[in-house]
Every structure is written in structure tokens, then in C-alpha cells.
Amino acid sequence: VDGARPWVMHEWLFGPVYARGLTRWGPVFFVAAGMLFALVSIASVVARTVGRARHLAGGASLAFLALAVGRECLFTPRPGYATLALPVLVGAVAFATSWRAFHPLAALALTLLWTNLHGSFPLGVALLAAGAVAADDRRRARALTAVACLGATFVNPYGARLHGLVDRYLRGGDPAADVIHASIAEFRPLWELREPFVNARVVVGLVAMAWLVARGLAYGDRARRVRACVVGALLALSVLHARHAVLCVVLGATLLVDELDAWLDRAALPDTSSVARGKILAASVGPGCALGALVRAWANARVASRADWISPGLGGREVVALARELPAGARVWAPFESTGLVVWVSGRRGARVLFDARNDCYSAAVITAGVMLEQGRGTARERCEVFRRYRVTHALAPAAHPVIVGLRACGWRESARRGAWVLLSE
């Protein structure tokens, strides 16, 4: 309901694909998309660890570590995780041992794609610049490629405004960005969080990266020290913003293979670089993907309706049913996790939400109000005042939610109920 700020959709290229898939196949499309992106990410990680390591045990250990840390993320179609293969692939180009004619073209293509898929694209330019510093050959060509790719990042629907958004998310300094950093859990420091953003696997992964970074800085040549510096910077960023931890471990596992190989050399383990890696890669990825496809096809055949694919954590079919009850032009408050469903079901009839997961298209005042309502803070009178200020006409939430309880005290009436969820109107 707040039109004060334009939305810079830094994941815009997913938009038409996801819209078409959702319209054609319903929510199950996101399950299939998650499986596809997981296949690409897993294959990339295994190829850059198992496929490169001199010691098969070392490469397999790094692959296992990266995939274990990213377990909850790999199969989600959320753009930040769906693009995990891009830093791995750009890193492979940036730190290629020999620089050939196709490398600049691959770097440009990957940069353009990354820029329009997710706001983490500056990391790609940083990787290419680091690769130029680390290289012994064709350093000028590599540096020019990094500069060209920096220019390519301006080829997006928003131009330089996209870079401004990324800067605000990274450093803050903007009132709305500061509120987001303080209120959205995944932007919090590592030591303040628990599941699902921080768990034992994440901590082990970050500790392992810190150890490999220390070894690279202490014992490595120039190339190894540069790669260690890149991962070290990601490690520091992960401590400040826990949302980057998975990216740090996944990319770090592929960049620091040489460090683990060097450590294993001291143990006098046999060199297994002649092992048929292609068979290992196929064995690592193929059976699981085939089994997943079969299970998903079986489950799809048993599902009665599209709404059954929606997680109960988002409100499930109850939210879908109540959103259909909203009149045209309704101004709605719903819990943060459920706002996407409300927009999907009733947005074409002109329904608008008070605050939703896009975050950055809202003013600091609206974000603050939305977070207050989401967390159930404030008195009933203060919550009702927020609704009056932004002319909210409907509220959709579980009946026990503090906002619903407060609105009833302000005289709002129940319009509809589905299971534990209710729809209130002014």
C-alpha cells in the first residue's frame, strides 16, 4: 500500500520464467525448478572439487562439506540459492591456469546472466579482478576482461540504480536498508542467530574455510594467497551477515582445493588424480536426481489440487481460500511469509499488501510498522493506528495472532474463516 519507493527488482530475470511456470503448472513448478538448480549447483561443486583435486579424498571431503552446509538451500528456487553455481563457474574462469580465447566470452556471458539474476553479481567482477592479480600469464588480458565485465553489469533494466541497491544492502546508510538490516534475521551477525541460518554444519564449514584460508596465506604462492584472500573476505562478510555463510563455504570449497591437497601431500597419501573422475561425477549426481524425479512424479500424481503444494508454513490452502474472498482493491495485512500468496491470488483484482518480502520497495516507516506487526509488538491501540494510517481494510492471519486479537478489540469483524486462519474486515 506504499507507493513512495520504486521497486528495483534485482532478480528480475527470474520473474517472467517463474510467472509463466506458476501460471502453467502451479506451485509444483517451484519444486521442479529447485531440483533443476540443485542439479546444476551440485554438478558444479563436484566438478570443481572432486574433478580438480589431486587427492580424491580431499576433493570428496570438500564437496561433501559444501553440499552439507548448503543442504537446506540447494533445492529451493529462491534466486540467491538458485544462482549458487554462478560464483563457482565464474571462479573457474577467473582462476583458469591458461587463458584462452573463449575465457573472456564466457566471463562476459556469465556476468551478464548473473547481473540480471541476482544482486550478488559484484562478486563476479571481484573474482575476475582477483584472477588477474593471481595469474602468471595473460594478466593484461585478464584485467581487461574484468574491466569489460564491470561495464557489462550496467546492462540491466535499472542501470546504475541496481548498483546503488546492492551498495545499500551491503553497507546500509539508507534509512530503509538500516531497518532491514536490524529487522530481517538473515542480515544479523552470525553470533546472534540459530537455525535455520546458523547450525553445527554451518559453523564447521566456516571453521574449515578459516583453516584453509590461514594455510593459503601462510604457505601458498601468489595465486593461492589471492584465492585465500577472496575466501577470507567472504568469511568476514558471513560473520557480519549470516546469509552469506552458504555462499562462502560453497565457493571456498572450490577455490581452496589446492590448500587441502598441499596438506594431504604431507601425509604421503597416494596421488589419485588419474582416477576416472567422469564416472565419479556421474555417480555423485545421477542416481539422486533420477530418484528425486521419480518420487516427485509419484507425489504429483497423488496431489488433489495446486493449493496442496503450498507449504502449511505459508498458510497452505487456507490462505489461498481466504485470499479469494478479498474484494477488488482490498488493502491487506498478512503475516510476512504469506504475503506472496495473497498477491498471487488476489493481486490481479487490485489487492495490495501493507508490507511483504520484497523489503526494499518500502519506506523505512512502512518497514518499521510491518516488522512491529509481524513480531506482535506494541499495544492493540498502536496496531490499529498503523492500520488507520495506511488505510488497511482487511487482515488475514491465524486467529491467535496478536494482530488479529488487537483488531477484534478495535471493533474489526470476522468476514471468513478457514481452519485456524481468519479474515477480518474493518
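Higher on the page you've got the structure.
> For this particular structure, what's the right way to read the overall build of the chain?
Along the backbone of the chain there are 21 helices and five strands. For 426 residues, the compact-globule estimate of 2.2 N^0.38 gives 22 Å, and the C-alpha radius of gyration of the chain, at 24 Å, lies within 12% of that figure. In terms of overall dimensions, the chain has a C-alpha envelope of 75 × 50 × 40 Å along the principal axes. When the 426 residues of the chain are sorted by exposure, 48% land in the buried category. Sequence-distant contacts in the chain: of pairs separated by 6 or more residues, those separated by 24 or more amount to 67%. With the model as given, the accessible surface of the chain reaches about 19900 Å², and the carbon-plus-sulfur share is 63%.

> Could you clarify how one ought to interpret the state of the cysteines in this entry?
Simply put, the disulfide is a covalent bond whose two ends are the sulfur atoms of two cysteines. Applying the stated criterion across every chain yields a total of one disulfide. Across the disulfide from Cys384 sits Cys410; the S-S distance is 1.9 Å. Negative torsions about the S-S bond denote left-handed disulfides, and the value of about 105 degrees found for Cys384 with Cys410 makes this one right-handed. With Cys384 in helix α20 (residues 380-389) and Cys410 in the loop between α21 (402-409) and β4 (413-418), this pair connects stretches of sequence that are 26 residues apart.

> For this particular structure, what's the right way to read the environment of Leu255?
Structurally, the position occupied by Leu255 is in helix α14 (residues 245-255). Each residue touching Leu255, except ones within four places of it in the same chain, is listed here: Gly91, Phe95, Leu127, Arg227, Val230 and Val231.

> Looking at this model, I keep getting lost on the environment of Leu291. Mind explaining?
For Leu291, the location among the structural elements is in helix α16 (residues 277-302). Leu291 sits 202 residues away from Leu89 along the chain, and the two C-alpha atoms are 26 Å apart.

> What should I look at first to understand the nonpolar core in this one?
In this structure, Leu127, Met209, Trp333 and Phe387 are the most contacted members of the largest nonpolar core, which totals 120 residues. A per-element tally of this core places α14 first, with nine residues.

> Would you mind showing me how to read the pairing of β4 here?
For a regular strand, the rule is simple: side chains alternate between the two faces of the sheet. Sheet topology note: the β4/strand β5 (residues 421-425) ladder contains five bridges and is antiparallel. Opposite Arg418, over in β5, you have Trp421 as the bridge partner. Hairpin connection between β4 and β5: a loop of two residues separates the two successive antiparallel strands, and Gly419 in this loop has a positive phi of roughly 60 degrees.

> It is not clear to me how the side chain of Thr49 should be interpreted in this structure. Could you clarify?
The residue Thr49 is located in helix α2 (residues 28-49) in this model. Exposure remark for Thr49: the relative accessible area of 0% places this residue in the buried category. Those residues in contact with Thr49 that lie beyond four places of it in its chain are Gly59, Leu62, Ala63, Ala253, Thr254 and Val257.

> How do you make sense of the sheet that holds strand β3 (residues 394-398) when you look at a structure like this?
Adjacent strands of a sheet pair through backbone hydrogen bonds, lying either parallel or antiparallel. The sheet built from five strands is open, its strands ordered β2-β1-β3-β5-β4 with mixed pairing. A strand with exactly one partner marks an edge of an open sheet, and here the two such strands are β2 (352-353) and β4. Inspection of the sheet shows β3 paired to β5 by five bridges, in the antiparallel sense. Of the residues in β5, the one forming a bridge with Leu396 is Leu423. Contacts from α21 reach β1 (331-333), β3, β4 and β5, with the element oriented near 35 degrees to β5.

The rules behind each value
Residues numbered from 1 in each chain as written. Predicted model: local features only at pLDDT ≥ 70, side-chain atom pairs only at ≥ 80, totals over all residues. Heavy atoms only, no water. Helix = DSSP H or I, 4+ residues; strand = E, 2+ residues; numbered from the N terminus. Rg over C-alpha atoms; globule rule 2.2 N^0.38 Å. Buried < 20%, exposed > 50% of the residue type's maximum accessible area, 1.4 Å probe, protein only. Contact = heavy atoms within 4.5 Å. Areas by Shrake-Rupley, 256 points an atom, 1.4 Å probe, with all protein chains shown as cover. Disulfide = S-S within 2.5 Å. Core = buried A, V, L, I, M, F, W, Y, C linked by side-chain atoms within 4.5 Å. Pairing = 2+ DSSP bridges. Axes fitted to C-alpha atoms, helices over the stretch in contact; angles between N-to-C directions.

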